[in-house]
Amino acid sequence: MVKIRRAYEALALGLFLFFLLITDLRFLKGWPVSWFLEASPLVAVATALTTHTIYRNLFWGLVILGITMMLGRVWCNWMCPFGILHHLFGNIGNRRNTKQMIEVNRYRRIYAIKYYILAAMIAMAALWIVPALYNAPGKIAEAYDEAALARAAEGDSVTTFSQVFGLSSWMIGLGLVALGGYAVLRALGIFGPGRLARVPISGALLGVIVLGLGIGIVRAGVPETLSAVGDGLGRSVEASRRGNSTLQIGLLDPIALTVRSMTTSVLPSVDKATEGVYTETREYWFAWVVGLIFLGFLVANWFIPRFFCRAVCPLGALLGVFSRFSLWRIDRDPVRCTDCDLCLKSCEGASDPHTDLRKSECFVCFNCIEDCPHDALQFRFLPRKASEVTGPALNRRSLMLAGVFGVLFFPMARLSGGVKKNFDRRVIRPPGSVAEDEFLRRCIKCDQCIRVCPTNVLQPALFEAGIEGLWTPIMISKMGWCELNCTLCSQVCPTGAIRELSIAEKLGVGPFEAQGPIKTGTAFYNRGRCLPWAMDVECVVCEEVCPTSPKAIFTRNVEVTDRWGGTLELKRPFIDPEKCIGCGICEHECPVKDDPAVYVTAIGETRDKERSLLLSLVEDPSLADQLMA
Amino acid sequence: MGEKLTRTQQKNLERLGGVNPAEAPIPRRQFLTQVGVGAAAVGAAAGVGVAITDPWGMKGVEPPPPVRLKDYSVALAPSRPSLVVVRATPPDRSAFDSPDAEYAAREEQALTMVRSAMQEMGGVEQFIQKGDVVVIKPNVAFDKNPDLGATSQPDTVSAVVKLCFAAGARKVIVCDNPINNPESCFFKTRVGDAAQRAGATLMLPKSSYFEPLYVGGETIKDTWSMFYAPFKEATKVIGISPVKDHNLCKATICLKNWYGLLGNPRNQFHQDIHGIISDFAKMMKPTLVIADGRKLLMRNGPTGGSLNDVKQSDAIVVGTDHVAVDSWCVSKLLEKQRHEILYLDKAIDRGLASDWRPQWTREITVT
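Once a new chain begins, its residue numbering starts again from 1 and follows that chain's sequence as written. Here the convention is simple: chains get letters from A, ligands get numbers from 1, in the order in which they are written. Owing to the predicted nature of the model, reporting of local features is limited to residues with pLDDT of at least 70; listing and counting of side-chain atom pairs is limited to 80 or more, with chain, interface and lining totals taken over all residues. In computing side-chain properties, one takes all heavy atoms of the structure into account and sets aside hydrogens as well as water.

J.: A description of the overall build of chain A should follow, citing residues and the corresponding values.
T.: Helices and strands together make up the secondary structure of chain A, namely 28 helices and 10 strands. Each principal axis of the C-alpha distribution contributes one length, and for chain A these read about 110 × 80 × 45 Å. Only protein chains enter the accessibility calculation, which uses a 1.4 Å probe; a residue is then buried when its area is under 20% of its type maximum, exposed when over 50%, and partly exposed in between. Going through the 629 residues of chain A one by one, you find that 52% of them count as buried. Here the accessible surface of atoms and residues is derived via Shrake-Rupley with a 1.4 Å probe, and residues count as covered only by protein chains that are part of the display. Of the roughly 28,900 Å² that chain A leaves accessible, carbon and sulfur atoms contribute 64%. Separation of charge centres in chain A, based on 66 positive and 59 negative side chains, amounts to 10 Å. Here a strand is any run of E in DSSP of at least two residues, a helix any run of H or I of at least four, and the numbering for each starts at the N terminus. Counting rule for charge: Lys and Arg are taken as positive, Asp and Glu as negative, and neither His nor the chain ends is counted. Lys charges are placed at NZ, Arg charges at CZ, Asp charges at CG and Glu charges at CD.

J.: Residues and numbers for the packing of aromatic side chains, please.
T.: Aromatic rings from Phe, Tyr and Trp, taking only the six-membered ring of Trp, are treated as a pair when their centres fall within 6.5 Å; an angle between ring planes under 30 degrees marks them as stacked, one over 60 as edge-to-face, and anything in between as tilted. Tallied over the entire structure, the rule returns 29 aromatic pairs over all chains. Plain terms: the ring middles of Y8 of chain A and W78 of chain A are 5.4 Å apart, the flat faces sit at 55° to each other, and that makes the pair tilted. Of this pair, Y8 of chain A sits in helix α1 (residues 2–22) while W78 of chain A sits in helix α5 (residues 74–79); the two residues are 70 residues apart in sequence, bridging distant segments of the chain. Its relative accessible area of 43% is what places Y8 of chain A among the partly exposed residues. Every member of this aromatic cluster is reached through a ring pair, and the members are F16, F18, F19, W31, W35, F36, F59 and W60 of chain A. When the NZ atom of lysine or the CZ atom of arginine is within 6 Å of a ring's centre and also within 35 degrees of its normal, the charge is said to sit over that ring. Taking the ring centre of Y107 of chain A as reference, the NZ or CZ of R358 of chain A above it sits at 3.9 Å. In this structure, K256 of chain B packs its charged tip against the face of Y259 of chain B, placed 4.4 Å from the ring centre.

J.: Summarise the packing of helix α9 (residues 129–153) of chain A against helix α13 (residues 222–241) of chain A; cite the residues concerned and give the values.
T.: All names here are of chain A. Axes, fitted as lines to C-alpha atoms, cover a helix only where it is in contact. Angles between the N-to-C directions of the axes lie from 0 to 180 degrees. At their nearest, the axes of α9 and α13 sit 6 Å apart, and the two run at 130° to each other. Between α9 and α13, the crossing angle belongs to the class labelled oblique. Judged by the sense of rotation from one axis to the other, the crossing of α9 with α13 is right-handed. Residues P131, A132, N135, A136, K139, I140, E142, A143, Y144, E146 and R151 of α9 pack against E224, A228, V229, D231, G232, L233, R235, S236, V237, A239 and S240 of α13. In the contact of α9 with α13, the residues fall into 11 nonpolar, four polar and seven charged. An angle counts as roughly parallel when it lies under 35 degrees, as roughly antiparallel when it exceeds 145, as roughly perpendicular when it falls between 65 and 115, and as oblique in every other case. Definitions for this section: a left-handed crossing has its near helix turned counterclockwise from the far helix by less than a right angle. A right-handed crossing has that turn clockwise. We call two residues in contact whenever any of their non-hydrogen atoms come within 4.5 Å of each other. For this classification, the nonpolar set comprises Ala, Val, Leu, Ile, Met, Phe, Trp, Tyr, Cys and Pro, the charged set comprises Asp, Glu, Lys and Arg, and every other residue, Gly included, is treated as polar.

J.: Please set out the packing of helix α3 (residues 41–51) of chain A against helix α4 (residues 59–71) of chain A residue by residue, giving values where relevant.
T.: Residues and elements named next belong to chain A. Remark: α3 packs on α4, axes separated minimally by 7 Å, with the N-to-C direction vectors making an angle of 120°. It follows that α3 is oblique to α4 by the angle criterion. In this structure, α3 crosses over α4, and the sense of that crossing is left-handed. Residues P41, A44 and V45 of α3 lie in contact with α4, whose contacting residues are G61, L62, I64 and L65. For the contact of α3 with α4, the residue count by class is six nonpolar, one polar and no charged.

J.: Describe the confidence of the model for chain B, naming the residues involved and giving the relevant values.
T.: Taken over all residues, the pLDDT of chain B has a mean of 90, while the share at 70 or more is 99%. Two numbers describe this predicted complex: its pTM, 0.85, and its ipTM, 0.80. A residue's pLDDT is simply how confident the predictor is in it, with values from 0 to 100.

J.: Tell me what's going on with the nonpolar core, and back it up with residues and numbers.
T.: Among the nonpolar cores identified, the biggest contains 83 residues, and W75, F82, I249, L252, I255 and F308 of chain A are the most heavily contacted of them. In terms of residues, this core owes the most to one element, α1 of chain A, which gives seven residues. Beyond its immediate sequence surroundings of up to four residues, I249 of chain A is in contact with L42, V43, A46, M121 and I444 of chain A. Counting residues in hydrophobic clusters, the runner-up holds 61 residues, among them L213, M226, F227 and A324 of chain B. The term nonpolar core refers to a set of buried residues drawn from Ala, Val, Leu, Ile, Met, Phe, Trp, Tyr and Cys, joined through side-chain atoms within 4.5 Å.

J.: Break down the interface of chain B and chain A for me, citing the residues and quoting the values.
T.: If you look at the interface, chain B gives 30 residues, while chain A gives 36 residues. Accessible area that two parts lose when put together, evaluated with a 1.4 Å probe and summed over both, is termed the buried area. Both faces considered, chain B and chain A share a buried interface measuring about 2,700 Å² in area, 47% of it formed by carbon and sulfur atoms. When a carboxyl oxygen of Asp or Glu is within 4 Å of a side-chain nitrogen of Lys or Arg, the pair counts as a salt bridge. The interface formed by chain B and chain A holds one salt bridge in total. Close ionic contact of E183 of chain B with R26 of chain A constitutes a salt bridge, the shortest N to O distance being 3.5 Å. Distance and chemistry together define a polar contact, namely a pair of N or O atoms within 3.5 Å, with one atom able to donate a hydrogen and the other to accept it when in protein, and with adjacent residues in sequence counting only for side-chain atoms on both sides. Taken together, the connections running from chain B to chain A amount to 22 residue pairs in polar contact (both at pLDDT 80 or more). Of the residues forming the side of chain B that touches chain A, the biggest block, three residues, is contributed by helix α5 (residues 182–188) of chain B. Residue composition of the side of chain B that touches chain A, by class: five nonpolar, 17 polar and eight charged.

J.: An account of the environment of R106 of chain B is needed here, citing residue identities and associated values.
T.: All names here are of chain B. With respect to the secondary-structure elements, R106 resides in helix α3 (residues 99–120). Relative accessible area serves as the criterion here: at 12%, R106 is assigned to the buried category. For the pair formed by R106 and P90, sequence separation is 16 residues and the distance between their alpha carbons is 7.8 Å. Discounting chain neighbours no more than four positions away, the residues touching R106 are P91, R93, D147, Q153, D155, R294 and K295.

J.: Please give an account of the side chain of R414 of chain A that cites residues and values.
T.: Residue and element names in this part refer to chain A. Locating R414 in the fold gives a position in helix α19 (residues 396–414). With a relative accessible area of 4%, R414 lands in the buried category. Each residue touching R414, except ones within four places of it in the same chain, is listed here: G243, S245, V419, K420, D437, L440 and E468.

J.: Account for the side chain of E388 of chain A, with residues named and values stated.
T.: Residue and element names in this part refer to chain A. For E388, the position within the fold is in strand β4 (residues 388–389). For E388, the side chain forms a polar contact with the side chain of R329, separated by 2.2 Å. Within the structure, E388 has its side chain in polar contact with the side chain of T390 (distance 3.0 Å). When residues no more than four places from it in sequence are discounted, the contact partners of E388 are R329, D356, L357 and K359.

J.: An account of the environment of W170 of chain A is requested, with residue identities and associated values reported.
T.: You can see W170 of chain A is positioned in helix α10 (residues 161–187). Residues W170 of chain A and Q100 of chain A lie 70 residues apart in sequence; the distance between their C-alpha atoms is 69 Å.

J.: Describe the pattern of salt bridges, naming the residues involved and giving the relevant values.
T.: All names here are of chain B. The tally for this structure, following the rule as stated, stands at 52 salt bridges over all chains. We note a salt bridge from D132 to K236, for which the minimum N-O separation is 2.8 Å. Of this pair, D132 sits in the loop between α3 and β2 (133–138) while K236 sits in strand β7 (residues 236–246); the two residues are 104 residues apart in sequence, bridging distant segments of the chain. Taking the relative accessible area as the measure of exposure, D132 reaches 8% and is therefore buried.

J.: Which residues make up α9 of chain A, and what are the values?
T.: Residue and element names in this part refer to chain A. Multiplying one less than the number of residues by 1.5 Å gives the expected span of a helix. Between its first and last C-alpha atoms α9 spans 34 Å; for 25 residues at 1.5 Å apiece the expected length is 36 Å, and the two agree. Values of bend correspond, residue by residue, to the angle between axes fitted over the seven residues ending at that residue and the seven starting there. Bending of α9 peaks at approximately 50° at the position of A136, with proline P137 no more than four residues after it. Listed as buried for α9 are A132, A136, I140, A141, A143, Y144, A148 and A152. As for α9, its buried residues are in contact with α10, α12 (201–220) and α13. Positive backbone phi, at 110°, marks G155, one or two positions downstream of α9.

J.: I'd like a description of a nonpolar patch on the surface, backed by residues and values.
T.: Residue and element names in this part refer to chain A. A patch consists of residues whose relative accessible area exceeds 30% and which take part in no salt bridge; residues with like charges are grouped when within 9 Å of each other, and nonpolar side chains (Val, Leu, Ile, Met, Phe, Trp, Tyr) when within 5 Å. Nonpolar side chains collect at one region of the surface, where L176, L205, I209, L213, I217, V222 and L226 lie side by side and expose about 540 Å² of accessible area between them. For the nonpolar patch, the secondary structure elements donating two or more residues are α12 and α13. Ranked by residues supplied to the nonpolar patch, first place goes to α12 with four residues. Its location among the elements puts L226 in helix α13. Residue classification places L226 among the exposed positions, given a relative accessible area of 58%.

J.: So what's going on with α3 of chain A? Residues and values would help.
T.: Residues and elements named next belong to chain A. With eight of its 11 residues buried, α3 lies for the most part within the structure. Within α3, burial applies to P41, L42, V43, A44, A46, T47, T50 and T51. Residues of α3 that are buried make contact with α2 (35–39), α4, α8 (113–125), α13, α17 (314–322) and α20 (436–442). Looking at the residues trailing α3, positive phi occurs at H52, about 65°.

So, in structure tokens, the structure goes:
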């Protein structure tokens, strides 16, 4: 079995690296290069929480979740490329004897950290639930009243929500007051009649509420109430969805982390050594931070084997939660077992196979079965429940604290003023990106768009897009430019943060004529640095490279008196903001390199009406046409 | 060995047979090898040190020796024209079922046109001999559809590649250093595909492929970084250019096409665009240049982007002198004033090339 597992590991890592290498304009020919990202159940679950949909191929994550619910965490040691890299690095750094290995593979309490990380991240993604529940009663009332009005139009009598539930609320209110008073009396030591003294207050409270609500529901009619509740909850969720969650799983999701580290750090280094990855060397903004984190996690294996998988990985935690349902697991025969602990020698998951198996920690690597000298361990279908620790060992208080941190992170991050009102001019998102709020709910920072971008313009952001936007893609036009006839980033985005575009839609031609081209920003001149403006020197490289038709940069001929009194004819460049799409090639090609004389900022981007620049472009002309017709 | 030994030391001495190996004399051979090798190592280190001594720190900033481009031109028989204009009616788009069929027909026509032009000048073998390594420099500066006229037509490129191989060329290299991303330029202009299908080797610009080239011209007085790797083994060079408008220098044809071989910071050339283009006449002596005047970008150059800017025409101009070819194209195809194009006059004034003359020009029509 261990040999078969090794073959699968080699296959999975090889496939991952192959997909990574062919994520390139030259080789990308319909290969499912995003498969590993789409297969990460954490991506599927978390984006489903933030977007309330399963985007495109993310159902693969649910397939993996299904496999986990059958076989346990096989993903971690059979398929996960980061897990396999950890396995490899752990073996490389291993200098321990058998006894030390047994000790280092025992379960430790710090391995529960990953569940707290998961809880915090899920809380960030599911923050909308809090306002949705808070606003739910009002929305349910609204839904009921609307339905009642509709029924009234058919001849029934109008009964509003407050009429129907008025009695219930009075009942509940009076019941609460009476019980409260009674509790106060009892606390003061004044008891009423003997029989009353034995009534449990919380039970009575529940009774009052159930009775009150029950009367309301009976008066309103059960089907009407059910439909009003469903409708009202839906409305409440819809109203709370916007601006009420953020997706941070990508920081530690193993697949997103690996793709990001490979893209920004490993591949450029490989290219430096071989000149075989890119045509032109790539540079990435703060790649060393990403690279150091990646290396740090790999080297950590030498001190604690599979440290990332055991203690940090939120995907592993999610799979650990779901593995409780798995039908097969490692089981120990207590009669054959001599308590030699040799099964711990190469236990990858630190799942204590020598005693009751910690099911949520087991990576199903089968090393323990191989290492057991007495054949006391086997992988069995439905073994005794009594011989396992089914769920993760968690501290309820820490879990609550992690959740609270997650809930608080969003307002701290979003309301610190760098995203909405005071958005950064450097946050120029690739074409096809959805509006910033939705973007932060979809982008998993896998940086696959950065990998596929043919010009190096896409860069991992540091804090330009707020702390939420760490490592999300932005365009830095000094590094490259957005190729006019290119939509590769939109094709490889696994979560729809950059939705799939056609060239026609990007350019605003054909059926998209009325909508116009997609703008990522607008270019501006710094006339104090521009050669024809400031220094009487011919240039207009920007005009030459401007790719739109007609060009967004145009020139005006001027005759100027030069320093010596002679006349000089110059072409001076101007921007037509209506034509400019913010591609940034003017900035990239500007000979004033350090602080280019023409530069692009995010204003005027078409993905958000609030960020548009020109009145003429705010109103959708196609909408106007429809209204005229 | 006068000092007294402890008991343990005496035991050790007995075990070793009464002789302390630490006090045995060094064998002469070992002495000589050790001292000799040591001295040699010190000498070698000192020698290397002296050899790479750089007291002023100036050797470190010395650029590598510049490369020079060979003269690739060929002499034609005096009776032959040096500039041939071939005209043919463009195939009617509506007559074909599929774009592929149309493309094949156009490729066929381009082959006929270029071949008959070369026939007129004395045959393909005048230019390409057996075993030649030919570098073809198309203009694929932008990642645009070839129909927009901003780049070389893929059918012309594949026709020339086929002609080269038919004449016995050993290898044909197609290369350019585009403004947009190289992969996507060669892909979108379909030049990469056409060249590879015809059997040519595609060479995309990598940073290690650039070397300083000595030009010694008016604007590039000394050297400039150039995409030199393809020219290492080249014996012939053919430029294939579109005929198009350019805002600053007015026209981009064969002479300006060599711009695409230069490396950064080439965007500074706009500060003296006519000077630099006239320098190309000094820098490059091509075997042949081909101006593809079947699609003319009349406005909004050099990028174009709209079919409204493209004028269908019928001519391919083949010549040995890039200035003469440009001069003919400017006045006859682009409908511009010949002397608007300052760089042509500059190149002629500097004695680097000559203008076109009716007596060296022939116009033919093929079907």
